[in-house]
Amino acid sequence: MTTPPVPPKPRRPLIGIAVACFLAGLVVSGFFIYLLVSNLPSVPTRLGDSPVRLERAGLTVFASQPALSVTCKATDESGADIPLRKPDRSEQYALETKTFYVVAHSVDKVPPQSVQVRCPDSDVAFYVGQRHTMGTFMIPALGAVGSFGLFLVIGVVLIVLDRRQTRR
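A brief report on the enclosed structure follows. Position numbers for residues count from 1 along each chain, tracking the sequence in the order it is written. With pLDDT at 70 or above as the cut-off, local features in this predicted model cover only qualifying residues; side-chain atom pairs require 80 or more to be listed or tallied, and sums for whole chains, interfaces and linings still use all residues. The side-chain quantities take in all heavy atoms of the structure and omit both hydrogens and water.

## Digging into the pairing of strand β7 (residues 92-95)
At step 1: Only protein chains enter the accessibility calculation, which uses a 1.4 Å probe; a residue is then buried when its area is under 20% of its type maximum, exposed when over 50%, and partly exposed in between. Helix and strand definitions follow DSSP, with helices as H or I runs of at least four residues and strands as E runs of at least two, each counted in order from the N terminus. Of the two faces of β7, the one holding Tyr-93 and Leu-95 is buried and the one holding Gln-92 and Ala-94 is not buried anywhere.
At step 2: Note on pairing: DSSP must find at least two bridges between two strands before they are called paired. Looking at chain direction, β7 and strand β8 (residues 98-106) are connected through four bridges and run antiparallel. Bridged to Ala-94 within β8 is Thr-99.
At step 3: Counting the residues between successive antiparallel strands, the hairpin from β7 to β8 contains two residues, one of them, Glu-96, with a positive phi of roughly 55°.

Structure (structure tokens):
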């Protein structure tokens with residue numbers, strides 16, 4: 001006697017699409033996490049007599065101690081003044097073993113270039129670094145969470161739809 005042929009397993013394309021959504025969510029959120037990590041502040045460069053090279057747009061002047069009234073002057077590669085302003089609120093960054101207090105930010109975005117910054121001589125050490133705003137960190141963080149959540153919800157909805165189809 002011959003055994004009856006086994007019917008083929010039903011195709012379940014929604015499960016495959018759901019898995020692809022989960023993987024796409026991981027890839028897209030990984031991209032945003034990479035952007036977030038690449039925007040983390042690096043240790044600023046101590047001011048000296050030589051110009052400081054900015055690798056990314058923006059300029060921030062830091063001090064080793066909270067400075068109440070410091071007026072630093074900055075110039076770009078061509079010698080033009082870079083307008084600086086004091087921060088609206090107290091800002092500080094703890095990097096490695098030091099804390100850096102923000103003294104001034106560039107008013108406009110300063111393109112990557114060599115800049116010369118002069119601050120009054122005092123017992124306080126001054127540093128120059130990139131400008132970091134809340135948007136620098138929030139946009140990639142929200143993008144990572146949002147993209148992962150969106151693809152996760154789409155994948156779960158597809159799995160639920162597939163389960164409903166197989167019950168019928």
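Having seen it, we continue.
## Quick word on the nonpolar core
At step 1: Of all hydrophobic cores here, the largest spans 19 residues; its most connected members are Leu-59, Val-61, Cys-72, Val-103, Val-115, Val-117 and Phe-126.
At step 2: For this core, the elements supplying multiple residues, two or more each, are β3 (60-63), β8, β9 (114-118) and β10 (126-129).
At step 3: In these notes, a set of buried Ala, Val, Leu, Ile, Met, Phe, Trp, Tyr and Cys residues joined through side-chain atoms within 4.5 Å is what counts as a nonpolar core. Formed by seven residues, the second largest nonpolar core is a distinct cluster that contains Phe-62, Val-102, Ala-125 and Tyr-127.

## Side note on helix α1 (residues 13-38)
At step 1: Its 26 residues give α1 an end-to-end C-alpha distance of 37 Å, which sits within 8% of 38 Å, the value for a rise of 1.5 Å per residue.
At step 2: Among all positions of α1, only Leu-14, Ala-18, Cys-21, Gly-25 and Ser-29 are buried.
At step 3: Buried residues belonging to α1 abut α2 (134-167). To estimate the expected span of a helix, count its residues, drop one, and scale the result by 1.5 Å. We call two residues contacting when some pair of their heavy atoms lies within 4.5 Å.

## Overview of the sheet that holds β9
At step 1: Taken together, the four strands give an open sheet; going across it, the order is β2-β9-β4-β5, and neighbouring strands pair in antiparallel fashion. If you trace the sheet from one side to the other, it starts and ends with β2 (52-53) and β5 (81-82), each paired once.
At step 2: Bridge count between strand β4 (residues 73-75) and β9: three bridges; the pairing is antiparallel. Bridge pairing in β9 places Ala-74 opposite Val-117.

## Some details on the packing of α1 against α2
At step 1: As a packed pair, α1 and α2 sit with axes 8 Å apart at the nearest point and diverge in direction by 175°. Accordingly, the angle class assigned to the pair α1 and α2 is roughly antiparallel.
At step 2: Counted by class, the contact of α1 with α2 contains 25 nonpolar, six polar and one charged residues. Each axis is a line fitted through C-alpha atoms, taken for helices only over the stretch in contact, and angles between the N-to-C directions span 0 to 180 degrees. Small angles under 35 degrees read as roughly parallel and large ones over 145 as roughly antiparallel, with 65 to 115 read as roughly perpendicular and the rest as oblique. Under the grouping applied here, Gly and all other residues not named as nonpolar or charged are polar, the nonpolar ones being Ala, Val, Leu, Ile, Met, Phe, Trp, Tyr, Cys and Pro and the charged ones Asp, Glu, Lys and Arg.

## Description of the environment of Arg-11
At step 1: Examined against the element boundaries, Arg-11 turns out to sit in the segment before α1.
At step 2: Residues Arg-11 and Arg-56 lie 45 residues apart in sequence; the distance between their C-alpha atoms is 51 Å.

## Concerning α2
At step 1: In this model α2 runs 49 Å from its N-terminal to its C-terminal C-alpha over 34 residues, within 8% of the 50 Å that 1.5 Å per residue would give.
At step 2: Inspection of α2 places Thr-136, Phe-137, Pro-140, Gly-143, Ala-144, Ser-147, Gly-155, Leu-158 and Asp-162 among the buried residues, and these make up the whole buried set.
At step 3: In this fold, the buried residues of α2 make contact with α1.

## Observations concerning empty space enclosed by the protein
At step 1: Two kinds of site are reported from a 1 Å grid over the protein atoms alone, namely cavities, where a 1.4 Å probe fits but cannot get out, and pockets, open sets with protein on both sides within 12 Å along at least five of seven lines, and residues are called lining when an atom falls within 4 Å of a point. Grid points are joined across faces, edges and corners, and a volume is the space filled by probe spheres set on the points. Throughout the structure, instances matching the rule amount to one cavity of 30 Å³ or more.
At step 2: Taken as a whole, the largest cavity spans an internal volume of roughly 50 Å³.
At step 3: Every residue along the wall of the largest cavity is listed here: Pro-41, Ser-42, Pro-44, Phe-62, Tyr-93, Leu-95, Gly-129, Gln-130 and His-132.
At step 4: Split by residue class, the lining of the largest cavity holds five nonpolar, four polar and no charged.

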